Amino acid sequence: MTRTALIAGASGIVGSAAAAVLLDAGWTVHGLARRPIELHGVQPVAADLQDAQATAAALAGVDADAVFITTWLRQSSEAENIRVNAAMVRNLLNGLPPRSGPRHVALVTGLKHYLGPFEAYGKGVLPQTPFREDQPRLDVENFYYAQEDALFAAAGRDGFTWSVHRPHTIIGKAVGNAMNMGTTLAVYATLCRETGRPFVFPGSGAQWNGLTDMTDARLLARHMLWAATTPAAADEAFNVVNGDIFRWSWMWSRIAQWFGLEATPVDGTVRPLETQMAGDAVVWRKIAEREGLAEHDLDRLASPWHTDADLGRPIEVVTDMSKRRRLGFTGYQPTDDAFMTLFGQLRADRLIP
């Protein structure tokens, strides 16, 4: 029997990967967004999750076996992040039509669960690495905690099972995404090659020399499907990273090589991308027009602020994968291959030259 999924944020970096995995597995997929874009095989649902009544009306005919919440809206303060994003989760779950059979709801958050929100990112007393799911919450307000609490409350009321997925920085393709390191680095490398600027690592010495990990959006999507269909994974939170670890001192050269660049030696100076790329919108538009690229707006492709937050951290960040492996998910993705696959896809789709 065909199963039905609802993805909130189906056009995003995680939601689009989840849609592809679910469709490949034979599911019927509904994609909810304020302004749905055409996605092959996905049935669009137009709704603003900040509007409870409109959300309920839009979902009236969607009888979903599984719901995947992969979207959030960045606000000007953490207090506003909490207010807006917790309300979006509540409105979605309150708007689902009643269901006689079982239902599963998956929520995607991230490692800010352990590192703290943007306003206190990587500061203060932090849990010991590698991060493990049973570590207590930080003593700080965090919209991820508010989203979880909204999920737990609705599950207690309506009786569905749930899973929380905590990826590290996600590698995947999405235009207009607020947190997209892979495409940001591809655009940065293209600009360096075009202008002759050095391809210099923008972040901290701790990130350059320390161990880290990342999450391929495709692996995260497979993990979400596994959790939604595996009884042992019900009502659990999971870290989700690729399964390898690396140092940026190695990865940076790999990325440089793909773009035909030399990796500039690091001298200990932090050079944020937000500063380096501040005047590059005109340069990118000229490249896009000359090369016939599909996206001329630099801001639709690159999110320097988010890449700076990740690469500028003063601490080493690695994530423990023992829990998911014990329960049976053994998926693995080499991170350098994830970057190279993305770069090839961006070139094939005419998003970079």
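Keep in mind that what you see is a predicted model, and the values were worked out from it rather than measured.

Trainee: Please clarify how the side chain of glutamate 78 should be interpreted in this entry.
Mentor: Considering the arrangement of structural elements, one finds glutamate 78 in helix 3 (residues 78-95). Despite being buried, glutamate 78 has no salt bridge partner; lysine 112 is the closest side chain of opposite charge, sitting 8.2 Å away. A distance of 3.1 Å separates polar atoms of two side chains, one belonging to glutamate 78 and the other to asparagine 81. Discounting chain neighbours no more than four positions away, the residues touching glutamate 78 are Pro117, Phe118, Glu119, Glu141, Asn142 and Phe143.

Trainee: What's the story with the nonpolar core in this structure? I'm lost.
Mentor: In a soluble, globular protein the nonpolar side chains are often hidden away together inside. Core analysis: the largest hydrophobic core is formed by 40 residues, its most contacted members being Phe199, Trp248, Ile255, Trp284 and Phe339. Within the residue set of this core, elements represented by two or more residues are helix 6 (181-195), strand 8 (199-200), helix 9 (248-258), helix 11 (281-291), helix 12 (298-301) and helix 15 (335-348). Residues in contact with phenylalanine 339, not counting those within four places in the same chain, are Ile171, Met181, Gly182, Leu185, Met214, Trp248, Met251 and Ile255. In terms of nonpolar packing, the next biggest core, distinct from the first, is built from 32 residues, Val14, Ala106, Leu219 and Leu225 among them.

Trainee: Sorry, what's going on with the packing of aromatic side chains here?
Mentor: Using the criterion set out here, one finds 19 aromatic pairs in the structure. Aromatic pair phenylalanine 201 and tryptophan 248: ring centres 6.0 Å apart, planes at 35°, arrangement tilted. Taken together, the residues phenylalanine 201 in the loop between strand 8 and helix 7 (205-209) and tryptophan 248 in helix 9 connect sequence positions 47 residues apart. By relative accessible area, phenylalanine 201 is classed as buried at 1%. Exposure remark for tryptophan 248: the relative accessible area of 2% places this residue in the buried category.

Trainee: Just checking my understanding: could you explain helix 11 for this structure?
Mentor: One turn of an α-helix holds 3.6 residues; hence residues three or four places apart share an orientation. Among the residues of helix 11, those classed as buried are Trp284, Ile287 and Ala288. Viewed end-on, helix 11 has its buried residues packed into an arc of 95°, placing them on one side of the element. Facing away from the buried side of helix 11, by more than 90 degrees, are the exposed residues Val282, Lys286 and Arg290. In the stretch just after helix 11, glycine 292 is the one whose phi turns positive, near 70°.

Trainee: Help me understand the packing of helix 6 against helix 15, please; the structure alone is not making it clear to me.
Mentor: Two numbers describe a pair of packed helices, the interaxial angle and the distance between the axes. Contact pair helix 6 / helix 15: the axes reach a minimum separation of 10 Å and the direction vectors enclose 65°. Between helix 6 and helix 15, the interaxial angle falls into the category roughly perpendicular. The way helix 6 lies across helix 15 gives a crossing that is right-handed. Residues Met181, Gly182, Thr183, Leu185, Ala186 and Arg193 of helix 6 form the contact with helix 15, whose participating residues are Phe339, Leu342, Phe343, Leu346 and Arg347. Counted by class, the contact of helix 6 with helix 15 contains 7 nonpolar, 2 polar and 2 charged residues.

Cut-off values and rules
- Residues numbered from 1 in each chain as written.
- Predicted model: local features only at pLDDT ≥ 70, side-chain atom pairs only at ≥ 80, totals over all residues.
- Heavy atoms only, no water.
- Helix = DSSP H or I, 4+ residues; strand = E, 2+ residues; numbered from the N terminus.
- Buried < 20%, exposed > 50% of the residue type's maximum accessible area, 1.4 Å probe, protein only.
- Lys, Arg positive; Asp, Glu negative; His and termini not counted.
- Salt bridge = Lys/Arg side-chain N within 4 Å of Asp/Glu carboxyl O.
- Polar contact = N/O pair within 3.5 Å; in protein donor to acceptor, adjacent residues only side chain to side chain.
- Contact = heavy atoms within 4.5 Å.
- Core = buried A, V, L, I, M, F, W, Y, C linked by side-chain atoms within 4.5 Å.
- Phe/Tyr/Trp six-rings, centres within 6.5 Å; stacked < 30°, edge-to-face > 60°.
- Arc of directions from axis to C-beta.
- Axes fitted to C-alpha atoms, helices over the stretch in contact; angles between N-to-C directions.
- Parallel < 35°, antiparallel > 145°, perpendicular 65-115°, else oblique.
- Left-handed = near helix turned anticlockwise from the far one by under 90°.
- Nonpolar A, V, L, I, M, F, W, Y, C, P; charged D, E, K, R; others polar.

In short, geometric facts, not functional conclusions.
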